[in-house]
Protein chains: 2
Amino acid sequence: MNSDFEKIINNIAPVSPESLRQAQNHLDSLTKPPGSLGRLEELARRYAAIKGLDSPQVRNKAVYVFAADHGVAQQGVSAFPAEVTPQMVLNFLNGGAAINVLANHFETHVVVVDMGVNYDFGETPGLLNKKIAKGTGDLSLGPGMTRSQAEQAVQVGMVLAREAAERDVDILGTGDMGIANTTASVAVIAALTQRSVKDLTGRGTGIDDTTLQKKIKIVEKALQINRPDANDPLDVLAKVGGFEIAGIAGFILGSASARTPVVIDGVISGAAALIAHRMNPTVADYMFMSHRSQEPAHDVLFEQVKQEALFDFEMRLGEGTGAVMAMNILEAAVKIYSEMATFENAGVSNKSNDRG
Amino acid sequence: MNSDFEKIINNIAPVSPESLRQAQNHLDSLTKPPGSLGRLEELARRYAAIKGLDSPQVRNKAVYVFAADHGVAQQGVSAFPAEVTPQMVLNFLNGGAAINVLANHFETHVVVVDMGVNYDFGETPGLLNKKIAKGTGDLSLGPGMTRSQAEQAVQVGMVLAREAAERDVDILGTGDMGIANTTASVAVIAALTQRSVKDLTGRGTGIDDTTLQKKIKIVEKALQINRPDANDPLDVLAKVGGFEIAGIAGFILGSASARTPVVIDGVISGAAALIAHRMNPTVADYMFMSHRSQEPAHDVLFEQVKQEALFDFEMRLGEGTGAVMAMNILEAAVKIYSEMATFENAGVSNKSNDRG
């Protein structure tokens, strides 16, 4: 990888434990029993430690939806045909998809990035054209992309996150679109963790039993043919990943390098988060996991990055739908930190004062 | 109970299964794999079935925080002194509490109701004075209130919910404030379910092991002395409940009678929901459970009303904090229902069209 990018990845600064302690001290001074807001306190503490202890705010939120096609879709591993990838990209741009409705409700800006959709959009307002190629090669027949393409895609994501942070975006979210991308994600996660493909593979957008068995065999075959190196995340990404997965991995690394909290959507974003985490585990300090999806591989990801999901609404849609919901909960938690009265200001008797 | 109120309670109309089916049909026409928004679809489906299948909306949201004192606080069952109840009521009115910050973020109106706080607030702008008495009697020594007071408190809650629904409030939330009210809630739940007090009792705002043991003994003593009748919810409410619990129970009944969805906060609101549910199980059609709190009695409540919690943020604060978060998630779900594009409108290939 380009040495500038390597330097950025290697220089991600950890979040200071002292700042985390100070943030919790502030939370404990507020008019509520200590710890009684549970995970909201955990979110607020980390956000404050990253962004500043003195009245942190969440002003501008943006979710980036990375889209790409997958050659392996030709094997019939998805419930939907490959043409749905560009159709959904256009749906995002027209504001009709679930991510648009949720992002609008939660006042989050949506950015749609074409990382490698197999369609010529021409000049399409609102679409960021970062196409590396018109989809990956079929990973069950050979590597999905070259190492150089994987690097390029990661760098695109890094630059996008860093540019957003340099503007006025306080917090970033990840999202994905790509028919057959749970197949690539399972392959990535299996390659990096050496877990059984069978245990990791789920029904994606809703495949039947026969297709599920086929999907498992396809991923197993992809790993046998390509032999991705578990110790080389870029090799895994190139051989069995996807352009949107690479873009998201770079986006997470770029966010962390710019000290910007990044909220991770479902299992596709999770596979990307695992790639980023293997490149530098310090990214986890800036990552906020959102929901637990219905995909079985997801639980492995939480174990790997040592975080728990914030909620489980039995969702399995992607697009960033889980991320935007979590960003709003995080925003609420940050307001708790910055806007609540203290025991002293409100004249409320504190536990410790009255009962020792 | 006054026969008008009895009539209202007995005439709650169930939500039509046919409307639920039609609502799900609409959700399945939207540009997402069927069922892929999981619990959001469940929320939207029920809200639409209650409020109207054609483009339902959540415009005005209000959370009612019912406050009251408990004589049993004198036994030292809470981590905080009883004076905190009126102090927190004033904090609510000044906008400094967690419920204010969250409700403000989620654009929800907060109404504070004095059901029985042991303090003379005089003319306090913003406070609804519905005081039945200055706190209950100590339930470990005898009944907390008379049956007539319990009826009166339930009726206050019913009238408040029905008045809100008659104005323009689309959805209501419940909240509570009252030092020692987890003690009363555990007593109510144990009395109605015959479960072991030991298994139901938790640490409330954060008591130590010694206080926890004392709290268990106090509740056991209260049940022995008062012998509340498990088949008579009003008897249970009068003997071991609280004025805020009674108010919330009435509020839930009133909401359901006015066909208005009502979002239930934590374990205190849950105890009230159980009372309402025992008076007429059809209330459950209008109840939306919010979070799973840290109180062990909470899981029993979900079993009893046959609903699952929407999320678990390890919260244990009350005030309606869980309810306002869930109301916002419900609002997002309703927007999914009313604002997303259909496969047909967006020109997206549907699974069933393309793959049979």
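This text follows the structure it describes.
These numbers come from a predicted model, not from an experiment.

A.B. asks: Tell me about the relation of the copies chain A and chain B, and name the residues and values.
C.D. replies: Screw-axis analysis of chain A against chain B gives a translation of 0.0 Å along the axis, an RMSD of 0.0 Å, and a rotation angle of 180°. Taken together, the rotation and translation describe the operation of a two-fold axis. When each C-alpha of chain A is compared by its distance to the rotation axis, Phe-311 of chain A comes out closest, at 2.9 Å. Counting the interface residues of chain A, we find that 100% of their copies in chain B are interface residues as well, pointing to one common contact surface.

A.B. asks: Go over the interface of chain A and chain B with me, naming the residues and quoting the values.
C.D. replies: Listed by partner, the interface residues are 57 residues for chain A and 57 residues for chain B. At the boundary of chain A with chain B, total buried surface from both sides reaches about 4800 Å², with 63% on carbon and sulfur atoms. Looking only at chain A, the three residues that lose the most surface to chain B are Phe-80, His-105 and Phe-313 of chain A, adding up to 13% of its buried area. Residue assignment for the side of chain A that touches chain B shows that the elements contributing at least two residues are α3 (38–51), α4 (84–94), α5 (98–105), α14 (321–339), α15 (343–346) and α16 (351–355) of chain A. The element that contributes the greatest number of residues to the side of chain A that touches chain B is α14 of chain A, accounting for eight residues. Its residues placed into classes, the side of chain A that touches chain B shows 28 nonpolar, 17 polar and 12 charged.

A.B. asks: For the side chain of Arg-46 of chain B, give the residues involved together with the corresponding values.
C.D. replies: Residues and elements named next belong to chain B. The residue Arg-46 is located in helix α3 (residues 38–51) in this model. We note that Arg-46 is buried and unpaired, the nearest opposite charge coming from Glu-42 at a distance of 5.5 Å. Side-chain polar atoms of Arg-46 contact the backbone oxygen of Ala-284, separated by 3.3 Å. In terms of polar contacts, Arg-46 uses its side chain to reach the backbone carbonyl oxygen of Met-287, at 2.8 Å. Apart from the residues within four sequence positions on either side, Arg-46 is in contact with Leu-20, Ala-284, Asp-285, Tyr-286, Met-287, Phe-288 and Gln-307.

A.B. asks: So what about the nonpolar core? Which residues, and what values?
C.D. replies: Residues Tyr-64 and Met-325 of chain A together with Tyr-64 and Met-325 of chain B are the most contacted members of the largest nonpolar core, which totals 275 residues. Not counting residues up to four positions away in its chain, the partners in contact with Tyr-64 of chain B are Val-111, Val-113, Leu-160, Ala-164, Arg-167, Leu-172, Gly-173, Thr-174, Gly-175 and Phe-251 of chain B.

A.B. asks: I'd like to hear about the environment of Thr-201 of chain A, residue by residue, with values.
C.D. replies: Residues and elements named next belong to chain A. Topologically, Thr-201 is positioned in the loop between α8 (197–200) and α9 (209–226). Distance in space between the C-alpha atoms of Thr-201 and Ala-164 is 34 Å, their sequence separation being 37 residues. If sequence neighbours within four positions are ignored, Thr-201 has contacts with Val-186, Leu-212, Lys-215, Ile-216 and Pro-296. Reaching out from Thr-201, the side chain makes a polar contact with the backbone oxygen of Val-197 at a distance of 2.6 Å.

Calculation notes
- Residues numbered from 1 in each chain as written.
- Chains lettered and ligands numbered in written order.
- Predicted model: local features only at pLDDT ≥ 70, side-chain atom pairs only at ≥ 80, totals over all residues.
- Heavy atoms only, no water.
- Least-squares fit on C-alpha atoms with pLDDT ≥ 70 in both.
- Contact = heavy atoms within 4.5 Å.
- Buried area = accessible area lost by both parts, 1.4 Å probe.
- Helix = DSSP H or I, 4+ residues; strand = E, 2+ residues; numbered from the N terminus.
- Nonpolar A, V, L, I, M, F, W, Y, C, P; charged D, E, K, R; others polar.
- Buried < 20%, exposed > 50% of the residue type's maximum accessible area, 1.4 Å probe, protein only.
- Lys, Arg positive; Asp, Glu negative; His and termini not counted.
- Salt bridge = Lys/Arg side-chain N within 4 Å of Asp/Glu carboxyl O.
- Polar contact = N/O pair within 3.5 Å; in protein donor to acceptor, adjacent residues only side chain to side chain.
- Core = buried A, V, L, I, M, F, W, Y, C linked by side-chain atoms within 4.5 Å.

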